[in-house]
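# Structural characterization, general
Next come the chains, spelled out residue by residue.
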Amino acid sequence: MDPGGEERGRAVSGRRGLTPWLFLLVPVALLVVFTYAPVVNMLVYSLTDWDGVSPELSFTGLGNYAEIFTRPALFQVFFVSGYYLAASVVQIGAALYFATVLSFRTRFRNFFKGVLFFPYLINGVAIGFVFLYFFQEGGTLDSVLRLLGVSGDHAWLSSSTSANVSLAGVSVWRYMGLNFVLFLGAIQSIPGELYEASALDGADRWQQFRHIIAPGIRPVLSLSVILAVSGSLSVFEIPYIMTGGATGTETFVIQTVKLAFQFNKTGLASAAAVVLLVIVLLVTWVQRRLVPDDKVDLV
């Protein structure tokens, strides 16, 4: 036996074992620096009364959390999330419908795929300004309604109910494309032989959806529900741009931003952000327990 050959073999094996860790070094470093380190800083700030400017931090312990849970006004904004949660149900239902229809042979289906996904590609700030003019009194929506015989100008963003319904409708228009693409990819991953076999057995489109498509996309559907619930709790972009949280449209995230940058209560805002993070993680955990991600076997 060649002792030198054995040593070279161990060296080559050691380098091969080290190679994956070298590839992981940069992404893990970026993840730590830009994700986990800010989370740790947020946890530290939540235990202080920092105003976001002063170089000195005064630790207050759990005082910020006590203030959050003893001020009902800080949690009343969660009722606004109900509008977006209801809108997410419409969004998922519409995305699932269009994904199912366009997964079969349909004329101009590639064109309609692009039309449905396009809103998700637009910057959220641009969408906010576009729909701000769309919903203004005497704006685009009122012009369209006049063509349909509905006269008069309406201040769609002036009352709490109409403003929240309008903003939730904008979120449906923007984010439906993401769910549509997820559902469409999951549907197209189902073997085509199952559709052919079911067609030979006399199954119609509804039966194919019920017994093949719905069970086949269950993991993706569960993921979409998780994203919808977490997104409903952390809405920020569209209501902040269109109303700034006025007329009863303020969400928990908008309130947190105002605490940090308008009232200079960064410590209290950090505690609110931690509370929101815990709520989202708890809701996700409960949902995963109620609907486990089991492997789907359609064959």
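All figures in this text were calculated on a predicted structure; none of them were measured in a lab.

### What to know about the overall build of the protein chain
Scanning the protein chain from N- to C-terminus turns up 14 helices and zero strands. Principal-axis analysis of the C-alpha atoms places the extent of the protein chain at approximately 95 × 70 × 35 Å. Here the protein chain holds 299 residues, and 33% of them are scored as buried. Contacts in the protein chain between residues far apart in sequence, at least 24 positions, make up 66% of those at least 6 positions apart. Roughly 18,200 Å² of accessible area belongs to the protein chain as shown, and the carbon and sulfur atoms make up 67% of that amount.

### A word on the packing of aromatic side chains
All chains considered together, the criterion is met by 13 aromatic pairs. Residues Y97 and F98 carry aromatic rings whose centres are separated by 5.4 Å and whose planes lie at 70 degrees to one another, so their mutual orientation is edge-to-face. The structure contains a cluster of three or more aromatic residues connected by ring pairs, namely F131, F134, F135 and W173. If you follow R205 out to its NZ or CZ, it ends over the ring of F104, 3.9 Å from the centre.

### Structural notes on the packing of helix α11 (residues 218–233) against helix α14 (residues 266–290)
In the contact formed by α11 and α14, the axes pass within 10 Å of each other and the chain directions differ by 155 degrees. Comparing their axes, α14 and α11 come out roughly antiparallel. α11 and α14 meet at a crossing whose hand is right-handed. Note on element contacts: α14 touches α11 through L276, I279, V280, V283, T284, Q287 and R288, opposite S222, V225, I226, V229, S230 and L233. For the contact of α11 with α14, a count of residues per class yields eight nonpolar, four polar and one charged.

### Some remarks on the confidence of the model for the protein chain
Looking at the protein chain, pLDDT values average 85 and 92% of them are 70 or higher. Confidence, read as mean pLDDT per element, is least for helix α3 (residues 72–76) in the protein chain (76) and greatest for helix α4 (residues 81–103) (92).

### Points about the nonpolar core
A99, F180, F183, I187, Y195, I213 and I217 are the most contacted members of the largest nonpolar core, which totals 21 residues. In terms of residue count, helix α8 (residues 160–188) provides more of this core than any other element does, six residues in total. What Y195 contacts, discounting residues up to four positions off in sequence, is F104, I187, I190, Q208, I212 and I213. Core analysis: the next-biggest nonpolar cluster, separate from the first, contains 20 residues, V77, L233, A269 and A271 among them.

### Description of the environment of V291
By the secondary structure assignment, V291 is in the segment after α14. A relative accessible area of 37% places V291 in the partly exposed class. Separated by 69 residues in sequence, V291 and S222 have C-alpha atoms that sit 7.4 Å apart.

### A short note on the environment of V39
Relative to the helices and strands, V39 resides in helix α1 (residues 3–45). A relative accessible area of 31% means that V39 is categorised as partly exposed.

### Observations regarding the packing of α4 against α8
Where α4 meets α8, the closest approach of the two axes is 7 Å, and the angle between their N-to-C directions is 35 degrees. When the axes of α4 and α8 are compared, the crossing they make is right-handed. Looking at the contact of α4 with α8, its residues break down into 20 nonpolar, seven polar and no charged.

### Things to note about the pattern of salt bridges
For the structure shown, the criterion picks out three salt bridges. Its salt-bridge partner being E67, residue R71 comes within 2.7 Å of it at the nearest N-O pair. Assessed through its relative accessible area of 32%, R71 is described here as partly exposed. A salt bridge links E237 to R174; its shortest N-O distance comes to 2.5 Å. Here E237 is found in helix α12 (residues 237–242), whereas its partner R174 is found in helix α8, with 63 residues between them in sequence.

### Here we look at the side chain of T249
Within the fold, T249 resides in the loop between α12 and α13 (252–261). Here T243 takes part through its side chain, which lies 2.6 Å from a polar atom of the side chain of T249. Sequence-distant contacts of T249, that is, excluding residues within four places in its chain, are made with V80, A163, N164, L167, P239, T243 and I254.

The rules behind each value
- Residues numbered from 1 in each chain as written.
- Predicted model: local features only at pLDDT ≥ 70, side-chain atom pairs only at ≥ 80, totals over all residues.
- Heavy atoms only, no water.
- Helix = DSSP H or I, 4+ residues; strand = E, 2+ residues; numbered from the N terminus.
- Buried < 20%, exposed > 50% of the residue type's maximum accessible area, 1.4 Å probe, protein only.
- Contact = heavy atoms within 4.5 Å.
- Areas by Shrake-Rupley, 256 points an atom, 1.4 Å probe, with all protein chains shown as cover.
- Phe/Tyr/Trp six-rings, centres within 6.5 Å; stacked < 30°, edge-to-face > 60°.
- Lys NZ or Arg CZ within 6 Å of the ring centre and 35° of its normal.
- Axes fitted to C-alpha atoms, helices over the stretch in contact; angles between N-to-C directions.
- Parallel < 35°, antiparallel > 145°, perpendicular 65-115°, else oblique.
- Left-handed = near helix turned anticlockwise from the far one by under 90°.
- Nonpolar A, V, L, I, M, F, W, Y, C, P; charged D, E, K, R; others polar.
- pLDDT = per-residue confidence, 0-100.
- Core = buried A, V, L, I, M, F, W, Y, C linked by side-chain atoms within 4.5 Å.
- Salt bridge = Lys/Arg side-chain N within 4 Å of Asp/Glu carboxyl O.
- Polar contact = N/O pair within 3.5 Å; in protein donor to acceptor, adjacent residues only side chain to side chain.

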